[in-house]
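Commentary on secondary and tertiary structure
The lines below spell out each chain.
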Amino acid sequence: YRDLHTFELQAPTRLIEWARGTRVCVAGYGQSGGNEILQLIPPPTLQAKESQGLCPERDFKVECGGFSKRPVYSLKYVPDTSLLVTSGPPDSSLQVWQVSAEDSDVIKPVSTIVTENGTGQPWARIATISARAPWVLHGSTLDSVQITEVELRKTVYTAASRDSEELSGLAFLDCNTLLLCCARGRLCVADVRQPQGPVEAVAVPSVPCGEQWCMGTACGAQGSELSSQPVARLSSRGLLTLTDLRKPSEPLASAKARVPSPGSGAEFLCVSWAPALQGCLAVSGFDGTVHVYDTQSWDSSGREAEPVFVHKGHAFGGAGGGGDPPLVTVHTWHPQKPRTVLSAATDGSLHVWDWVEPCGKC
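Residues numbered from 1 in each chain as written. Predicted model: local features only at pLDDT ≥ 70, side-chain atom pairs only at ≥ 80, totals over all residues. Heavy atoms only, no water.

**Focus on the environment of V189**
As a reminder of what qualifies: The numbering of helices and of strands both runs from the N terminus, where a helix is a DSSP run of H or I of at least 4 residues and a strand a run of E of at least 2. Residues count as neighbours in contact if any of their non-hydrogen atoms are within 4.5 Å of one another.
Inspection of the secondary structure puts V189 in strand β17 (residues 187-191). For the pair V189 and E200, spaced eleven residues apart in sequence, the C-alpha to C-alpha distance is 5.4 Å. Dropping the residues within four chain positions of it, V189 is found in contact with L178, L179, P198, V199, E200 and V202.

The following block contains the structure:
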């Protein structure tokens with residue numbers, strides 16, 4: 001490691017979100033009431049230009065926080081605002097939160113976005129943007145995707161689909177284009193300039209049946225052109241596929257992640273592109289590790305890939321709930337520092353780490 005910092009949360013978290021580039025938001029996902037939502041100030045050494053070496057102290061600082069009565073399964077900061085949007089069981093509604101001003105340390109709920117026929121639906125996946133106005137893209141199934149103007153709680157776009165397949169993720173590819181990933185691996189696109197417009201399946205090569213899938217995108221959300229960065233999909237058995245949406249019918253690359261005896265579960269699957277490293281992505285959700293891969297040498301063979309770095313800190317941190325080994329629930333890249341990653345696990349541990357660059361690697 002070039003740098004490693006740790007922080008112990010009071011409860012496990014399944015999400016990490018950068019807010020305003022210099023703050024970190026986390027939230028608990030317990031089924032009982034009183035799940036914390038915290039905004040943390042990262043360690044001062046994380047902002048330093050020079051490496052400070054190993055620093056295992058609990059040097060994150062809680063800047064402000066609040067409590068959610070429901071589990072928080074997804075959290076997104078709304079760009080250019082002081083608002084957060086969260087979602088979680090038991091339905092597909094969204095909760096909007098105000099991050100307090102400097103003279104207060106409270107994150108308080110301000111409104112709820114209720115979706116039509118949302119009762120009984122799975123919790124909603126969400127993405128945010130502020131290219132035109134503070135928007136939140138949300139939906140739990142293909143036939144429930146819509147965009148809501150956050151402050152006015154006004155629906156500005158509804159996708160037309162009769163397919164009720166469950167979603168595992170969604171994203172703004174740019175200010176006009178939406179990308180949806182179904183739990184079974186299918187990709188779909190929609191155009192916000194066509195209200196009630198169709199949700200069209202992308203002609204990507206088929207993926208194995210019986211697996212759960214998630215996706216990772218590198219989106220130019222404030223731009224106006226379709227991102228040229230491939231879409232990465234990760235299956236519950238460790239298969240990784242890369243798709244160029246400009247030529248979706250041509251297989252770009254595939255590989256097998258080095259994961260331990262993966263099963264069919266997909267609760268914490270996470271794959272993400274490094275924003276400042278060409279061709280590098282990270283994978284987690286199978287055990288107590290986070291794997292970093294350089295995809296630039298991948299082909300369409302699907303052979304097992306060798307990670308350029310494996311973060312094992314959570315695996316040695318102790319037992320999670322019920323005496324089980326800790327499981328990484330989520331990871332995210334620092335928006336500016338190329339090799340800095342944050343990760344959280346079921347034992348409540350939060351790590352921020354920066355690894356030494358391997359020679360000839362990403």
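**A few points about the pairing of strand β24 (residues 280-284)**
Heads up, the rule is: Throughout, exposure labels follow a simple rule: accessible area from a 1.4 Å probe, protein chains only, divided by the maximum for the residue type, with under 20% read as buried, over 50% as exposed, and the rest as partly exposed. Strand pairing follows a simple DSSP-based rule, namely that at least 2 bridges must link the two strands.
Counting buried residues along β24, five of its five residues qualify, which places the element largely inside the surrounding structure. Note that strand β23 (residues 270-273) and β24 share four bridges and pair antiparallel. Considered in β24, the bridge of V271 is made with V283. Taken together, β23 and the strand that follows it, β24, pair antiparallel across an intervening segment of six residues, in which G279 is found at a positive phi of about 80 degrees. Both β24 and strand β25 (residues 290-294) contribute to a ladder of five bridges, which runs antiparallel.

**What to know about the nonpolar core**
How we decide: By convention a nonpolar core is built from buried Ala, Val, Leu, Ile, Met, Phe, Trp, Tyr and Cys residues, the set being connected through side-chain atoms within 4.5 Å.
In this structure, L137, I147, F172, L178 and L180 are the most contacted members of the largest nonpolar core, which totals 20 residues. Within the residue set of this core, elements represented by two or more residues are β11 (125-129), β12 (135-139), β15 (167-172), β16 (177-182) and β17. Discounting residues that sit within four places of it in the chain, I147 has contacts with W135, V136, L137, K154, T155, V156, Y157, F172, L178 and V192. Grouped together as the second largest cluster of nonpolar side chains are 18 residues, L240, A255, L269 and V283 included.

**Section: the packing of aromatic side chains**
Our working rule: Two aromatic rings from Phe, Tyr or Trp, using only the six-membered ring of Trp, form a pair when their centres are within 6.5 Å; if the ring planes differ by under 30 degrees the pair is stacked, by over 60 it is edge-to-face, and anything between is tilted. Any Lys NZ or Arg CZ that is within 6 Å of a ring centre and within 35 degrees of that ring's normal is treated as a charge sitting over the ring.
What the rule picks out here adds up to nine aromatic pairs. Ring geometry for Y73 against W123: centres 5.2 Å apart, planes inclined by 80 degrees, an arrangement best described as edge-to-face. With a gap of 50 residues between them, Y73 in the loop between β6 (61-68) and β7 (74-77) and W123 in the loop between β10 (107-113) and β11 connect regions that are remote in the sequence. Residue W123 is classed as buried on the basis of its relative accessible area, which comes to 16%. Every member of this aromatic cluster is reached through a ring pair, and the members are Y1, F309, W333, W353 and W355. Positioned above the aromatic ring of Y29, the side-chain terminus of R14 is 6.0 Å from the ring centre. R233 extends its terminal NZ or CZ atom over the ring of W213, reaching a point 5.9 Å from the ring centre.

**Points about the pattern of salt bridges**
Definition in use: Take a side-chain nitrogen of Lys or Arg and a carboxyl oxygen of Asp or Glu: if they are within 4 Å of each other, that pair is a salt bridge.
Taken as a whole and judged by the stated rule, the model has 14 salt bridges. As a salt-bridge pair, K76 and E17 come within 3.9 Å of each other at their nearest N and O atoms. With K76 in strand β7 and E17 in strand β2 (residues 13-19), this pair connects stretches of sequence that are 59 residues apart. Look at K76 and you get partly exposed, because its relative accessible area is 27%.

**Digging into the sheet that holds β17**
If you trace the four strands from one edge of the open sheet to the other, you get β15-β16-β17-β18, paired in antiparallel fashion. The open sheet has two free edges, formed respectively by β15 and β18 (200-201), since each of these has just one partner strand. When β15 meets β16, the two strands line up antiparallel, connected through five bridges. For A171, the partnering residue across the bridge sits in β16 and is L179.

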